[in-house]
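Coordinates in review
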Amino acid sequence: MSCDLTRSALHGYFDGELGAAGNAEFKRHLEHCSDCVLEFATQDFVRDSLQRARLYEFAPDSLKLRKRAHLRCCVRPAASPQRLIWQWLAAAAALLVVALLVWRVLPGVHDDDDYQAELAAGIVDAHVRSLQPGHLTNVDSADQHTVKAWFDGNVGFALPVRDLTNDGFSLLGGRLDIVQGGTVAVLVYVRLGHVVNVFIWPTREPEVSARMGERLGYQWVVWQKGKMEFCAVSDASPAELEQLHRLFAG
Amino acid sequence: MNDLDPEDWLRFERLVLPHVDAAFNFARWLLRSRADAEDVAQEALLRACRFFRGFQGGDARAWLLQIVRNTCYSWLEKNRPRESMVEFDEELHRQPVATPESIAMAAEGRERLTRALETLPPRYRELIVLRELEGCSYKEIAAITSIPLGTVMSSLSRARRQLHCALVNPCCKEAIA
């Protein structure tokens, strides 16, 4: 290549970074510079090949899920040893309180100190993630039988899929999600524009009364029924979630 | 280092977390390994979360990718010190002129392109990845890589020449192997 512009302006032109005047000027140059024409064609070919090869690598789900739980645990202040002890005591005290009202889920992780907080975080994380484009449902159907049939083929437990249209909750579909490394089934409803995710998984824990809470602006309510544990999450009002809970539990 | 309060966290979630794919992809190409990229991207996200209070708004993707880049280079220095040091010797590897025809033969297929891209020194590879895979503007590239805006174009030109060279001329691989 003898034309110097093949190593400079040509790239700006190729990348659309020369601005209107620069573009026009280079275009004129292209009309009578065979070096640049050839180089442009080469660049264009390589770009096209790069695109076709789909080299972009998307983050694995494990990173996305782990990352969120991890970030929340680790953003805390770098504590002095003494402070750490207090934090530990506070965590232990909190754990004692919540243990009485526990909503336990995936067997085998109960020894984790931050279990409660992590589970709430995990559920709310999954809810937030589901709101991103393309993540809400694996099966789209307002028909409870279609959704149930899909779950029957994909999870090892029978799922109570409710049609709550008459009560103001329209069924959008369902999906499988991962909370704290365990697979859970999720029914997706919408109530006056608010997405409601109902997470469902089997449990062996004895039944306890329903619990509600709020995390990062999202309401959640958790309850058990017939060896199944349910957790509904939404930015709808607590009253609406409570209504959904009654519909499911009733 | 402080806890993000819920409001900051939501902001972080809204502005930064949508770019997890970009963070991972960038780390993967800088480190040439998915497994390492997963760890390093995780570390970078953690740093981003820690520094988020200092984020003044603006281009969150560029801000995050800058952190990913720094984290990657620190990781390379520690774990593969030779790799991060190698610069391409242009004089030694005067490329044969790449033409559309020679490139057409050489640039077909994902594996071939991956290999060629991975033979580039990281400082060139990152430019190709940011421009061609991530679609960054020159301004964003300058912000992410700390190259002066005025030299992004010529740096990209060099990186592209290296890529063409690696595609049509396998000897380039030996230069950094």
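Residues numbered from 1 in each chain as written. Chains lettered and ligands numbered in written order. Predicted model: local features only at pLDDT ≥ 70, side-chain atom pairs only at ≥ 80, totals over all residues.

**Looking at the overall build of chain B**
Each helix and strand in chain B was counted, giving 11 helices and 0 strands. In chain B, the succession of helices and strands from N to C terminus is α-α-α-α-α-α-α-α-α-α-α. Within the span of chain B, comprising 177 residues, buried residues form 43% of the whole. (Helix = DSSP H or I, 4+ residues; strand = E, 2+ residues; numbered from the N terminus. Buried ≥ 20, exposed ≤ 12 C-beta atoms within 10 Å, placed from the backbone.)

**With respect to the sheet that holds strand β1 (residues 139-140) of chain A**
Residues and elements named next belong to chain A. Read from one edge of the open sheet, 7 strands run β1-β2-β3-β4-β7-β6-β5, paired in antiparallel fashion. The outermost strands of the open sheet, each flanked by one partner alone, are β1 and β5 (211-215). Where strand β6 (residues 218-225) and strand β7 (residues 228-234) come together, 7 bridges link them in antiparallel fashion. Each bridged residue has a counterpart across the sheet, and for tryptophan 220 the counterpart in β7 is valine 233. This element, helix α7 (residues 144-154), spans β1, β2 (170-179) and β3 (182-191) of the sheet and lies at about 15° to β2. Where helix α8 (residues 238-249) meets the sheet, its contacts fall on β3, β4 (194-202), β5, β6 and β7, and the angle it forms with β6 comes to roughly 15°. (Pairing = 2+ DSSP bridges. Contact = placed C-beta atoms within 7 Å. Axes fitted to C-alpha atoms, helices over the stretch in contact; angles between N-to-C directions.)

**Describing the nonpolar core**
Grouped burial of nonpolar side chains is what soluble globular proteins tend to show. All names here are of chain B. With 55 residues, the main nonpolar core has Ala23, Phe26, Ala27, Ala41, Ala44, Val68 and Leu163 as its most contacted residues. Broken down by element, the residue count for this core peaks at 9 residues, all from helix α4 (residues 60-79). For this core, the two domains that each supply at least three residues are domain 1 (6-83) and domain 2 (87-176). Beyond its immediate chain neighbours, meaning those up to four positions away, alanine 44 contacts Ala23, Ala27, Ile67, Val68 and Thr71. (Core = buried A, V, L, I, M, F, W, Y, C linked by C-beta atoms within 7 Å. Domains from an automatic or database assignment.)

**As for the confidence of the model for chain A**
Residues and elements named next belong to chain A. This prediction gives chain A a mean pLDDT of 81; 84% of its residues lie at or above 70. Within chain A, helix α1 (residues 9-14) carries the highest mean pLDDT (94), whereas helix α4 (residues 61-74) carries the lowest (60). A low-confidence stretch, residues 73-79 (pLDDT under 50), is modelled with 13 contacts involving residues beyond four sequence positions or located in other chains. Low pLDDT, under 50, characterises residues 103-113; the stretch is placed with 20 contacts to residues that sit more than four places away or in other chains. (pLDDT = per-residue confidence, 0-100.)

**Some remarks on the pairing of β3(A)**
Residues and elements named next belong to chain A. Relative to β3, β2 runs antiparallel, the two being bridged by 9 bridges. Counterpart to leucine 176 in the pairing with β3 is alanine 185. Remark: 2 residues form the turn of the hairpin made by β3 and β4, two consecutive strands paired antiparallel; leucine 192 in that turn has positive phi of roughly 50°.

**Description of the pairing of β6(A)**
Residues and elements named next belong to chain A. As judged from the 5 bridges shared by β5 and β6, these two strands associate in the antiparallel manner. Paired with glutamate 214 across the strands is glutamine 219, a residue of β6. Where β5 hands over to β6, the hairpin turn is made up of 2 residues, of which leucine 216 adopts a positive phi near 50°. What sits between the antiparallel neighbours β6 and β7 is a turn of 2 residues, in which glycine 226 has the positive phi angle 50°.

**Side note on helix α8 (residues 122-133) of chain B**
Spacing of three or four residues puts side chains on the same side of an α-helix, whose turn is 3.6 residues. All names here are of chain B. In terms of burial, α8 is largely enclosed, as 10 of its 12 residues are buried. Within the sequence span of α8, burial applies to Pro122, Tyr124, Arg125, Glu126, Leu127, Ile128, Val129, Leu130, Arg131 and Glu132. Looking one or two residues beyond α8, the residue adopting positive phi is glycine 135, at roughly 65°.

**So, unusual backbone geometry**
Although it is not a glycine, A:Lys227 adopts a positive phi angle of roughly 65°. Within the element layout of this structure, A:Lys227 appears in the loop between β6 and β7. A positive phi angle is found at B:Ser146, which is not glycine, with a value near 65°. Inspection of the secondary structure puts B:Ser146 in the loop between α9 (138-145) and α10 (149-168). Residue B:Ser146 is classed as exposed on the basis of its 10 C-beta neighbours within 10 Å.

**Quick look at the packing of helix α2 (residues 20-31) of chain B against α8(B)**
Helix-helix packing is characterised by the crossing angle of the two axes and by the distance between the axes. Residue and element names in this part refer to chain B. Between α2 and α8, whose axes approach to 9 Å, the crossing angle comes to 150°. Regarding the angle of α2 to α8, the classification is roughly antiparallel. Regarding α2 and α8, the two cross each other, and that crossing is right-handed. Residue-level inspection shows Asn25, Phe26, Trp29 and Leu30 of α2 in contact with α8, the latter providing Pro122, Arg125, Glu126, Val129 and Leu133. Here the contact of α2 with α8 is built from residues that sort into 6 nonpolar, 1 polar and 2 charged. (Parallel < 35°, antiparallel > 145°, perpendicular 65-115°, else oblique. Left-handed = near helix turned anticlockwise from the far one by under 90°. Nonpolar A, V, L, I, M, F, W, Y, C, P; charged D, E, K, R; others polar.)

**Quick look at α7(A)**
All names here are of chain A. All of the buried residues in α7 are Val147, Trp150 and Phe151. Buried residues of α7, seen end-on, are gathered within an arc of 95° and therefore sit on one face of the element. Set apart from the buried face of α7 by more than 90 degrees, the exposed residues are His145 and Gly153. In this structure, the buried side of α7 is in contact with β1, β2 and β3. (Arc of directions from axis to C-beta.)

**Remarks on the environment of A:Trp201**
Within the secondary structure, A:Trp201 sits in strand β4. C-alpha separation for the pair A:Trp201 and A:Phe157, spaced 44 residues apart in sequence, amounts to 8.2 Å.

**Quick word on the packing of α9(B) against α10(B)**
All names here are of chain B. Interhelical geometry of α9 versus α10 gives an angle of 100° and a closest axis separation of 9 Å. Comparing their axes, α10 and α9 come out roughly perpendicular. Contacts from Tyr138, Lys139, Ile141 and Ala142 of α9 reach α10 at Leu149, Val152 and Met153.

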